[in-house]
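Each chain, letter by letter, is given below.
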Amino acid sequence: MRIRIVIDKEAVYEEVAKTTSYTGAKMDEDPGAYDRIFTTDEDREQLERFWGESCTGLCEALKRFLESEAESGGRYVLELEVSESFDAVLRGPMEKEAASYMVLSIVSKWYAFTNKGEAGDYAAGAASMLEGVRRKACHKRKPRRPVY
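What counts and what doesn't
Residues numbered from 1 in each chain as written. Predicted model: local features only at pLDDT ≥ 70, side-chain atom pairs only at ≥ 80, totals over all residues. Heavy atoms only, no water. Pairing = 2+ DSSP bridges. Helix = DSSP H or I, 4+ residues; strand = E, 2+ residues; numbered from the N terminus. Axes fitted to C-alpha atoms, helices over the stretch in contact; angles between N-to-C directions. Contact = heavy atoms within 4.5 Å. Buried < 20%, exposed > 50% of the residue type's maximum accessible area, 1.4 Å probe, protein only. Salt bridge = Lys/Arg side-chain N within 4 Å of Asp/Glu carboxyl O.

Engineer: Is there a simple way to think about the sheet that holds strand β2 (residues 66-72) in this case?
Structural biologist: Overall, antiparallel pairing links the three strands, which are arranged β1-β3-β2 in an open sheet. Of all strands in the sheet, those with a lone pairing partner are β1 (2-8) and β2, marking the two edges. Averaged over all pairs of adjacent strands, the angle between strand axes in this sheet comes to 15°, irrespective of strand direction. This element, helix α3 (residues 44-61), spans β1, β2 and β3 (75-81) of the sheet and lies at about 10° to β3. Strand contacts of helix α4 (residues 91-114): β1 and β3, with the helix running at about 40° to β1, the strand carrying the most contacts.

Engineer: Mind showing me how you'd approach the environment of Asp30 here?
Structural biologist: By secondary structure assignment, the location of Asp30 is in the loop between α1 (9-25) and α2 (33-37). Residue classification places Asp30 among the partly exposed residues on the basis of a relative accessible area of 26%.

Engineer: Just checking my understanding: could you explain the pattern of salt bridges for this structure?
Structural biologist: Between side chains of opposite charge, a pair can form when the charged atoms approach closely. Evaluated as defined, the whole model comprises 15 salt bridges. Glu60 is the salt-bridge partner of Lys63, the closest N and O atoms lying 2.7 Å from each other. The partly exposed category is assigned to Glu60, whose relative accessible area is 47%. For Lys136, the salt bridge is made with Glu97, and the minimal N-O distance between the two is 2.6 Å. Taken as a pair, Lys136 in helix α5 (residues 116-138) and Glu97 in helix α4 lie far apart in primary sequence, 39 residues in all. Across this residue pair, the class does not change: Lys136 and Glu97 are buried.

Limitation: the analysis is restricted to geometry and does not speak to function.
Here it is as structure tokens:
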């Protein structure tokens, strides 16, 4: 069975901005934290690099299933070939988890420069999300006996 996972790049960047803004604003003991941590349009070039690295990580985790991947019109699209027994109800949660992986992965890479104390936690969260996406791709519905 072929499924498509679509990740909206701008939505990911918006979540990255929200996360970094919130983190910087909550660091009352560090008066320069907000300006240092919050991502701005000027940081876009670096974030683009992190986006590409995160796309590569997603492809690597799903390479067993990957038929194609492309970026077009601000969307990152993965075409996956999964088992015929794949539970199609998991496609939506899988797509959301993949988008969350992208956010956490980008934030963790950004925090390696700006907020080292939390970078490891975000990297661990990204790894957990990535594993969840992979597990969902491997999931198969239990066979059902016909009822006569």
